Amino acid sequence: PDRLAVMATLYGLNPAPVERCRVLEIGCGDGWNLIPMAFGLPESEFTGIDLSPEAVGRGREAIAALALSNIRLMTADLMDFDPGFGTFDYIVAHGLYAWIPEAVRDKLLTIANAHLSPDGVAFISYNANPAGRVRQAVREMMLFHAGVIADPEERVASGLAFLQFLGDNTPEPGPYAALARTEVEKLVQRHPNGIYHDEMADTYAPVYFHEFAAHAARHGLQYLSEAVFADMQTGFLTPETREKLRVLAAGDVLRYEQYLDFLKFRKFRQTLLCHAGRTLDRSMDPARLRGLFVSSAAKRAAPAADAAPDVERFEGPHGAAASSNNPTVKAILGRLIEVWPQSIGFTDLAPLADERTLTGILIQLYGGLLVELHAHRPPVAAAAGERPEVSRLARYQARTQRRVTTLLHAHVDITDDLGWRMFQLLDGSRDRSVLLDEIAARAPEGDRKTLAGQIDRSLAALARLGLLRDTRKTENGATAGRENTNQPLHRSCGSERPE
């Protein structure tokens, strides 16, 4: 819910604090979107429903193993949604809308309207046109070639085999050949389960954004924003094109977003909705950022060879990059880089610039994927302490796989072999000397001094990934962040939360 709370705050709503909220996920699968949230937010409540009893069963096993009392997963059809569930501050439906029949889409939005708290936010992702038409064409070709094959694995393999044939044999030159190869390259990198669910599902109905917005409006919901702020930005356009876009939209946010989809040839959206009666303000009032936190995974990089001496270059995730000679921009990013993976309160950056200037810079960097804004600060360590600790959640995941969930709710692969080998040892009970002893006992041929250096480097890498907990004592003697334990909830959620 962190990102949803940020976007709601930026546009003038008063969303529930993520530390004390109620979250519903429709189509939760085995719960591995909700489980890390429930683990990290022990005083919030999480409910997930899914049609698959097998998936729900797997999720319940993990919940029991982690002794989580603030999450429940249920096998249920959303058409039979129980009104007794009450209201939720955040409702999530990921990868569902475009793959269900029209009547079920209606029910999804009906639930969102009826069960959202007054300032609640619904997240609905869906395949969008115009580029959704390409995916639809690929799907139809795969389905034709797979014919009546019933076995899911064979069906996917058959469809992929034809696409490979298509990519290898489409006549050149022409745009169709390049398009076919591009789609084939994307699909062969995906897991077969995802292809079976998405491309080969019984229903696939991508929609234009304006159609989705109109559908939501018929159910008492309005467009808030996209979940990813950068998806709404127009920095890739020339100034002349941006001005023409504003003229075409004539001040209408929905028209603006639809024209932007045409320009970007968008095929996927992660849209946030709220109640139609709520008043939104898109002016980015600096006052709304005062309670937020800021982080940046960016790194300093070498500037262009012809750059001025005072220019610094920063590179972030997902290919984001920026060069600047602005002292304030450089100071902000420099400070955030120093404390990563921790975040800094917006007000803590106030000495670097006046509030309006600071807001303008942060919003621009947020739109460029060089900083993230947060409504919640998780107990993540900036560096490995004397007794380094990985969360019980990540240690549980690491028993069977190398992909784990960080304290920042990101999924990462542990590629460092030493870090992987000592993962289960990082439970906060071992200091550096004990860690060294236990690792050395498993590799007696290694030099202890060399091994100690390797351990330090591996711990530093785990810390940068956001995997190590901050267990420092606060002024009242409590730890900076506590693990979720099987304790009763302190209810202050939804309509019951204090002003």
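Our structure is the block above this text.
Residues numbered from 1 in each chain as written. Predicted model: local features only at pLDDT ≥ 70, side-chain atom pairs only at ≥ 80, totals over all residues. Heavy atoms only, no water.

1. Looking at the side chain of Ser158
Quick note on the threshold: Secondary structure is summarised from DSSP: a helix means a run of H or I of at least four residues, a strand means a run of E of at least two, and numbering begins at the N terminus for each. What makes two residues a contact is simply this: any of their non-hydrogen atoms within 4.5 Å.
Among the secondary structure elements, Ser158 is positioned in helix H6 (residues 152-169). If sequence neighbours within four positions are ignored, Ser158 has contacts with His145, Ala146 and Ile149.

2. Section: the pairing of strand E4 (residues 88-93)
Put simply, the rule reads: Categorising residues by exposure relies on relative accessible area from a 1.4 Å probe, with only protein chains included: less than 20% of the type maximum marks a residue as buried, more than 50% marks it as exposed, and the intermediate range marks it as partly exposed. Two strands form a pair only when DSSP identifies at least two bridges running between them. If you view a crossover with the strands going away from you and the path from the first strand over the helix to the second runs clockwise, you call it right-handed.
Judged by how many residues are buried, E4 sits mostly within the fold: six of six residues are covered. Note that strand E1 (residues 22-26) and E4 share three bridges and pair parallel. Bridging from a neighbouring strand, Val23 pairs with Tyr90 of E4. For the crossover that starts at E4, traverses helix H4 (residues 102-115) and ends in the parallel strand E5 (residues 116-127), the hand is right-handed.

3. What about the sheet that holds strand E13 (residues 372-374)?
Across the sheet, which stays open at both edges, the three strands sit in the order E12-E8-E13 with antiparallel pairing between neighbours. Among the strands making up the open sheet, the edge pair consists of strand E12 (344-345) and E13.

4. A word on the sheet that holds strand E7 (residues 268-275)
Basically, it comes down to this: Angular values range over 0 to 180 degrees, each being the angle between N-to-C directions of two axes fitted as lines to C-alpha atoms, with helices fitted over their stretch in contact.
Across the sheet, which stays open at both edges, the seven strands sit in the order E3-E2-E1-E4-E5-E7-E6 with mixed pairing between neighbours. Across the chains shown, the open sheet's two edge strands, defined by having one partner strand only, are strand E3 (71-75) and strand E6 (221-226). For this sheet the average axis-to-axis angle between neighbouring strands, irrespective of direction, equals 20°. Sheet topology note: the E6/E7 ladder contains five bridges and is antiparallel. Residue pairing for E7: Gln222 is matched across the bridge by Cys274. The strands that helix H9 (residues 209-218) touches are E5, E6 and E7; relative to E7, the one it contacts most, it runs at about 25°.

5. Here's the deal with the packing of aromatic side chains
Convention followed: Pairs were defined over the aromatic rings of Phe, Tyr and Trp, the Trp ring being its six-membered one, requiring ring centres within 6.5 Å. Orientation was assigned from the angle between planes: stacked under 30 degrees, edge-to-face over 60, tilted for the rest. Here, a charge over a ring is recorded when the distance from Lys NZ or Arg CZ to the ring centre is within 6 Å and its angle to the ring normal is within 35 degrees.
If you walk through the whole model with that rule in mind, you get 11 aromatic pairs. Relative to Tyr204, the ring of Trp99 has its centre 5.8 Å away and its plane inclined at 40°; by these criteria the two rings are tilted. Taken together, the residues span a long stretch of sequence, with Trp99 in the loop between E4 and H4 and Tyr204 in the loop between helix H8 (192-198) and H9 at a distance of 105 residues. Taken as a pair, Trp99 and Tyr204 share a single burial class, namely buried. Members of the aromatic cluster, each reached through a chain of ring pairs, are Tyr97, Tyr126 and Phe212. Cation over ring: Arg22 sits above Phe88, and NZ or CZ is 4.5 Å from the ring centre. Between the NZ or CZ atom of Arg269 and the centre of the ring of Phe209, over which it lies, the distance is 4.1 Å.

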